[in-house]
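Read off the chains here:
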Amino acid sequence: MTSERIQDALDVRQRAYAPYSNYFVGAAIMTDAGVFVGCNVENASYGLCNCAERTAVFSAVAAGAKNITAVVVATRDGGSPCGACRQVLAEFAEADCPVLCVNESGIITLETTVGALLPHAFTPRNLTR
Ligand code: THU
């Protein structure tokens, strides 16, 4: 299962649109409603660039999946999710949700959890309504 998700992340990384940074990122997330993938999509207006992880999460939510159970992120050097993506992942994953970062060869460079990436995350549970 893990090796399949790693391959999914590597495959979708090939579809990244990253002409400005040339840093291609792919993400595969397992959810209660199946696997979703995403790549980074950049824009000439740099602030509009969207990360691979958030592309995958938003795709999952659009398909009705709101529980993320595992995350794989593929980059050339095994980089880990940015702060914004950590917050978005924390919205839909338990703290013990596994996160794997792999490099372009599929080698695992980091094996961690959503909770370890973003301790004390701000979540809807913290909101007083
Ligand atoms: N990027 C991601 O896709 N995920 C991250 O967690 C960090 C950064 C993208 C954004 C941009 O297209 C490129 O990598 C360089 O920052």
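This one's a predicted model, so the numbers in the text were calculated from it and none came from an experiment. (Residues numbered from 1 in each chain as written. Predicted model: local features only at pLDDT ≥ 70, side-chain atom pairs only at ≥ 80, totals over all residues. Heavy atoms only, no water.)

*Asks:* Mind showing me how you'd approach the side chain of R5 here?
*Replies:* Along the chain, R5 falls in helix 1 (residues 2-13). Judged by relative accessible area, R5 falls into the buried class, the value being 11%. A distance of 2.7 Å separates the side chain of R5 from the side chain of D8, its partner in a polar contact. Not counting residues within four places of it along the chain, the set of residues in contact with R5 comprises A28, M30, V35 and V72. (Helix = DSSP H or I, 4+ residues; strand = E, 2+ residues; numbered from the N terminus. Buried < 20%, exposed > 50% of the residue type's maximum accessible area, 1.4 Å probe, protein only. Polar contact = N/O pair within 3.5 Å; in protein donor to acceptor, adjacent residues only side chain to side chain. Contact = heavy atoms within 4.5 Å.)

*Asks:* Please clarify how a nonpolar patch on the surface should be interpreted in this entry.
*Replies:* Judged by side-chain polarity, Y17, Y20, V41 and Y46 come together as a nonpolar surface patch covering roughly 430 Å² of accessible area. Considering the arrangement of structural elements, one finds Y46 in the loop between strand 2 (34-39) and helix 2 (52-62). Overall, the relative accessible area of 57% leaves Y46 in the exposed class. (Patch = residues over 30% accessible without salt bridge, like charges linked within 9 Å, V, L, I, M, F, W, Y side chains within 5 Å. Areas by Shrake-Rupley, 256 points an atom, 1.4 Å probe, with all protein chains shown as cover. Salt bridge = Lys/Arg side-chain N within 4 Å of Asp/Glu carboxyl O.)

Keep in mind these values describe shape, not function.
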